[in-house]
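Structure assessment
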Amino acid sequence: MSLMTAIEVGASGLTAQRRRLEVLVSNLVNANTTKPAGAEPYRRKDVLFAATNPERTFGAALDDAVQGVEVAKIVTDQSEPRKEYEPNHEHADKDGYVLYPNVEPMEEMVNVLSATRSYEANLQAVNAAKEMAKKTLEILR
Amino acid sequence: MKLDLFHDQTLDAMSAYLGRLSQRQQVVASNLANIDTPGYKTRDVSFHATMQELMSESSPGLRTTRSGHDRGWSPVPSQAQAFEVHGIPARADRNNVDLDREMVKLSETSFGYAMITQLMRAKFQTLAASIHEGRSQ
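On a predicted model such as this, the values are computed, not experimentally measured, just so you know.

1. What about the nonpolar core?
Grouped burial of nonpolar side chains is what soluble globular proteins tend to show. Counting residues in hydrophobic clusters, the biggest one holds 32 residues, and the most contacted among them are Leu18(B) and Met120(B). Those elements that provide at least two residues to this core are helix 1 (2-29), strand 1 (45-52) and helix 2 (105-138) of chain A together with helix 1 (9-33) and helix 3 (99-136) of chain B. Per element, the largest residue contribution to this core is nine residues, and it comes from helix 1 of chain B.

Listed below in structure tokens is the structure:
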């Protein structure tokens, strides 16, 4: 039944956005994580989405027009870490600099908002499909 | 008045429309799921072309050999062609899904679906009424 495909596609969107949120939260919590001098500091991560084809049931999918989504890979932001002069810090190098992760909390918050909105939009789509399926059942009531 | 339960043109048209609406719902769900997918382009299914085809006098019905034959209802293609929507500005990642547009489509689809199912219900209630009235005599 094609409404089930709509729900399935919406669910793939929910999963993907939740995964993205997890990654973003991991960036936020590690915004101030330092490591001993010489070690690679934490680098911010982001997800890369890719469209997928849903499972075909009774030819329900419209060729390739209806596509779900998945997290294709998690990419690491290779920009330079933030360098701060804190000679008394335990993780300072010999010149007194500490490497902080390349995470901008403000930027991450904006991304978190964007993920939340996208999640809500997918939820709306799932709910709408559910309501429609319910309406179908009501025809003969 | 002739009442043919199984070849009711109104019911056929309504179920064809419901089919289209659920396809539209799938496409909107797909657009929303891929709102952050780089390179994804907004898609839609055509409504007007299908309905015009369905409603036109020239649509191919059954071939009749006698005047008493019912011309029948033209078969409705069960799948509409989906197409990419042009004219929506793309973002830097070449994705052009517009959240507002999709939400409007979502409401339209749900509303249309609710309306048609309500009408179908009314149709069947009419039939049920005639069945029950007949029995009570």
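2. A closer look at a nonpolar patch on the surface
All names here are of chain B. Together, Phe111, Met115 and Leu119 give the surface a local cluster of nonpolar side chains, amounting to about 320 Å² of exposed area. By the element assignment, Phe111 lies in helix 3. On the basis of relative accessibility, which here comes to 61%, the residue Phe111 falls in the exposed class.

3. Some words on the packing of helix 1 of chain A against helix 2 of chain A
Residues and elements named next belong to chain A. The geometry of helix 1 relative to helix 2 is characterised by a closest axis approach of 9 Å and an angle of 160° between their N-to-C directions. Judged by the inter-axis angle, helix 1 sits roughly antiparallel to helix 2. Along this stretch, helix 1 crosses helix 2, giving a crossing that reads as left-handed. Classifying every residue of the contact of helix 1 with helix 2 gives 18 nonpolar, nine polar and four charged.

4. Considering the pattern of salt bridges
For the structure shown, the criterion picks out 15 salt bridges over all chains. Between Glu40(A) and Arg43(A) there is a salt bridge, with its nearest N and O atoms 3.0 Å apart. When the shortest N-O distance is used, the salt bridge between Arg44(A) and Asp77(A) registers 3.4 Å. A residue pair is termed long-range when its members are at least 10 positions apart, and Arg44(A) in the loop between helix 1 and strand 1 and Asp77(A) in the loop between strand 2 (68-76) and strand 3 (82-85) qualify at 33 residues. The exposure class assigned to Asp77(A) is partly exposed, which follows from its relative accessible area of 23%. A cluster of three or more residues bridged by salt bridges with shared partners is formed by Arg24(B), Asp44(B), Arg101(B), Glu102(B) and Glu108(B).

5. Side note on the packing of aromatic side chains
All names here are of chain A. The tally for this structure, following the rule as stated, stands at one aromatic pair over all chains. It is Lys45 that lies over the ring of Tyr42; its NZ or CZ is 4.3 Å from the centre. Between the NZ or CZ atom of Lys83 and the centre of the ring of Tyr97, over which it lies, the distance is 5.2 Å.

6. Some words on the interface of chain B and chain A
The parts lose accessible area when they come together, and the size of an interface is often stated as this lost area. Contact with chain B, which involves 35 residues of that partner, is made by 40 residues of chain A. Interface area for chain B against chain A, summed over the two sides, is near 2,700 Å², with a carbon-plus-sulfur share of 63%. Three residues, Gln26(B), Asp36(B) and Arg121(B), lead the burial of chain B against chain A; their summed loss comes to 22% of the area buried on that side. On inspection of chain B and its partner chain A, the count reaches one salt bridge.

Conventions we followed
Residues numbered from 1 in each chain as written. Chains lettered and ligands numbered in written order. Predicted model: local features only at pLDDT ≥ 70, side-chain atom pairs only at ≥ 80, totals over all residues. Heavy atoms only, no water. Core = buried A, V, L, I, M, F, W, Y, C linked by side-chain atoms within 4.5 Å. Buried < 20%, exposed > 50% of the residue type's maximum accessible area, 1.4 Å probe, protein only. Helix = DSSP H or I, 4+ residues; strand = E, 2+ residues; numbered from the N terminus. Patch = residues over 30% accessible without salt bridge, like charges linked within 9 Å, V, L, I, M, F, W, Y side chains within 5 Å. Areas by Shrake-Rupley, 256 points an atom, 1.4 Å probe, with all protein chains shown as cover. Salt bridge = Lys/Arg side-chain N within 4 Å of Asp/Glu carboxyl O. Axes fitted to C-alpha atoms, helices over the stretch in contact; angles between N-to-C directions. Parallel < 35°, antiparallel > 145°, perpendicular 65-115°, else oblique. Left-handed = near helix turned anticlockwise from the far one by under 90°. Nonpolar A, V, L, I, M, F, W, Y, C, P; charged D, E, K, R; others polar. Phe/Tyr/Trp six-rings, centres within 6.5 Å; stacked < 30°, edge-to-face > 60°. Lys NZ or Arg CZ within 6 Å of the ring centre and 35° of its normal. Contact = heavy atoms within 4.5 Å. Buried area = accessible area lost by both parts, 1.4 Å probe.

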